[in-house]
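The primary structure of each chain is shown beneath.
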Amino acid sequence: MSKAFASQADLQDKKVSFTKLSDNAYAYTAEGDPNTGVIVGDNAVMVLDTQATPVMAGDVIRHIRTVTDLPIRYVLLSHYHAVRVLGASAYQPQEIIASQDTYDLIVERGAQDMKSEIERFPRLFRAVETIPGLTWPTMTFKGEMTLWLGKLEVKLMQLGRGHTKGDTVAWLPQQKILFSGDLVEFDATPYAGDAYFKDWPKTLDNIAALQPVALVPGRGAALTSPEMVQRGLAGTRAFVSDLYAAVQAGAKQGKPLRDIYQDAHASLKPKYGQWVIFDHCMPFDVTRALDEATEHPDPRIWTAERDIEMWKALES
Ligand SMILES: [Zn+2]
């Protein structure tokens, strides 16, 4: 393989920021590594995505304890990916909440995803041996649910498919602050190996319709003004649309995956190549896009073996 597989060569630790968006909303970010959101209510704390391991979640807890002593009662899983969910046990939450669609994906492919993600990106699984196993939601919902943390209203909503089938956002309607999970990225390449390319732009429209004044993306800095939110939404939408259009064009000409990949990589690199994990994501994203444009409306399960086979086919 000419390029190291996925992010196996990415070993440089990132600098953590803990950004205050309001008295109730914080963002734990790390220069493009997966983010964790924090909602501080009147009587309890909610964590949005957990970090990849309990040891890494411990650093989030240390940051939370600089702003509140309230109990961390709820963990929301924005979607099923290992790097988002496997640190959950560190918070000892009363409830782990996810959409029913996310729960179903954990049943169907959680174990394969865990193995595959750990091999793709070892640095993101610091102290991997502390993971006790899959994270199972204790509470699921369909469409929408509301929690009241005292007087603070927290809406959990499925606004459509995009990054995965189960994508859930958290919304503070009183403050117009949104936690998007990987539906929105900023200066970071959207991973779309399990995505729904045709639906994703519509889901972004649904987010935009809420008119958030601040947004915590899945990766990248917290977006702390309406203008920055617009930039985050526009950048994510452009990448998803450009990639799918490039792949559809190649598919129409009957080109093989390897050629479609090389064309898409060349045409997207000038615009998006500076975003973190561009070279990691592209082979997975193009493979999924061609599946969706042809005969696989739903994402096929990635296994550690399928990962390597695909990488060799496209990058050797
Ligand atoms: Zn994800």
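Residues numbered from 1 in each chain as written. Predicted model: local features only at pLDDT ≥ 70, side-chain atom pairs only at ≥ 80, totals over all residues. Heavy atoms only, no water.

Draft legend 1. Up close: the coordination of the zinc ion. Within the protein, the atoms that donate to the zinc ion are H79 (NE2), H81 (ND1), H163 (NE2) and D182 (OD), at distances of 2.1 to 2.5 Å. Taken together, the four donor atoms coordinating the zinc ion and their angles of 86 to 177° define a geometry best described as irregular. All donors of the zinc ion belong to a single chain; written as a sequence motif, their spacing is H-x1-H-x81-H-x18-D. The two residues H79 and H81 agree in class, both being buried. (Donors = N, O, S within 2.8 Å, 3.2 Å for Na, K, Ca; no water. Tetrahedral: all angles 85-135°; square planar, octahedral: opposite > 155°, others 65-115°. Buried < 20%, exposed > 50% of the residue type's maximum accessible area, 1.4 Å probe, protein only.)

Draft legend 2. Summary view of the side chain of D167. You can see D167 is positioned in the loop between strand 9 (152-157) and strand 10 (169-172). For D167, the side chain forms a polar contact with the main-chain nitrogen of G162, separated by 3.2 Å. Engagement of the side chain of D167 in a polar contact is seen with the side chain of T164, the distance being 2.8 Å. (Helix = DSSP H or I, 4+ residues; strand = E, 2+ residues; numbered from the N terminus. Polar contact = N/O pair within 3.5 Å; in protein donor to acceptor, adjacent residues only side chain to side chain.)

Draft legend 3. Fine view of helix 1 (residues 54-64). Every buried residue of helix 1 is listed here: P54, M56, A57, G58, D59, V60 and I64. Of the surrounding elements, those touching the buried residues of helix 1 are strand 1 (17-20), strand 2 (25-30), strand 3 (33-40), strand 4 (45-48) and strand 5 (72-76). (Contact = heavy atoms within 4.5 Å.)

Draft legend 4. Molecular detail of helix 7 (residues 278-293). The first and last C-alpha atoms of helix 7 sit 21 Å apart over 16 residues, in line with the 22 Å expected at 1.5 Å per residue. Along helix 7, 14 of the 16 residues are buried, which leaves the element largely enclosed by surrounding structure. (Expected span 1.5 Å × (residues − 1).)

Draft legend 5. View of the nonpolar core. I207, F239, L243 and M282 are the most contacted members of the largest nonpolar core, which has 75 residues in total. Sequence-distant contacts of I207, that is, excluding residues within four places in its chain, are made with L159, V169, L178, L183, V184, P212, L215 and L233. If you look at the next biggest cluster of nonpolar residues, it comprises 24 residues, including L21, A27, A44 and L152. (Core = buried A, V, L, I, M, F, W, Y, C linked by side-chain atoms within 4.5 Å.)

Draft legend 6. Spatial organisation of the packing of aromatic side chains. Going through the model one piece at a time under the given rule, you end up with ten aromatic pairs. Taken together, a centroid distance of 4.9 Å and an interplanar angle of 55° make the contact between Y272 and W275 tilted. What makes W275 buried here is its relative accessible area of 12%. Chaining the aromatic ring pairs together yields one cluster made of F5, Y191, F284, W302 and W311. Looking at R120, its charged tip hangs above the ring of F284, at a distance of 3.8 Å from the centre. (Phe/Tyr/Trp six-rings, centres within 6.5 Å; stacked < 30°, edge-to-face > 60°. Lys NZ or Arg CZ within 6 Å of the ring centre and 35° of its normal.)

Draft legend 7. Molecular detail of the environment of R62. Its location among the elements puts R62 in helix 1. Each C-alpha atom, one on R62 and one on K115, is 28 Å from the other, the two residues being 53 residues apart in sequence.

Draft legend 8. Spatial organisation of the pattern of salt bridges. Under the counting rule described, the total for this entry stands at 20 salt bridges. The shortest N-O distance in the salt bridge between R84 and D182 comes to 2.8 Å. Placement of the pair is R84 in helix 2 (residues 82-85) and D182 in the loop between strand 11 (177-181) and helix 4 (200-209), with a sequence separation of 98 residues. D182 matches R84 in its accessibility class, with the two residues each being buried. Across the pair R109 and E108 runs a salt bridge, and its minimum N-O distance is 2.9 Å. In this structure R109 comes out as buried when scored by relative accessible area, which is 7%. (Salt bridge = Lys/Arg side-chain N within 4 Å of Asp/Glu carboxyl O.)

Draft legend 9. Main features of the sheet that holds strand 9. Spatially, the five strands line up as an open sheet ordered 8-9-10-11-12, and their pairing is mixed. Where the open sheet ends on each side, the last strands, each with one partner, are strand 8 (144-149) and strand 12 (214-217). Here the strands of the sheet are splayed against their neighbours by 20° on average, with no regard to which way each runs. Two strands pair when backbone bridges link them, and strand 11 and strand 12 are joined in this way by four bridges, in the parallel orientation. Residue pairing in the sheet places I177 in a bridge with A214 of strand 12. (Pairing = 2+ DSSP bridges. Axes fitted to C-alpha atoms, helices over the stretch in contact; angles between N-to-C directions.)

Draft legend 10. Structural view of the packing of helix 3 (residues 100-120) against helix 8 (residues 304-315). Between helix 3 and helix 8, the least distance of the axes is 8 Å, while the angle of their chain directions is 45°. One finds that helix 3 runs oblique with respect to helix 8. Judged by residue contacts, K115, S116, E119 and R120 of helix 3 engage A304, E305 and D307 from helix 8. Residue composition of the contact of helix 3 with helix 8, grouped by class: one nonpolar, one polar and five charged. (Parallel < 35°, antiparallel > 145°, perpendicular 65-115°, else oblique. Nonpolar A, V, L, I, M, F, W, Y, C, P; charged D, E, K, R; others polar.)

Draft legend 11. Representation of unusual backbone geometry within the structure. With a phi close to 45°, Q92 is a non-glycine residue in the positive phi region. With respect to the secondary-structure elements, Q92 resides in the loop between helix 2 and strand 6 (95-99). For K176, which is not a glycine, the phi torsion comes out positive at approximately 55°. With respect to the secondary-structure elements, K176 resides in the loop between strand 10 and strand 11. Since its relative accessible area comes to 31%, K176 is described here as partly exposed.

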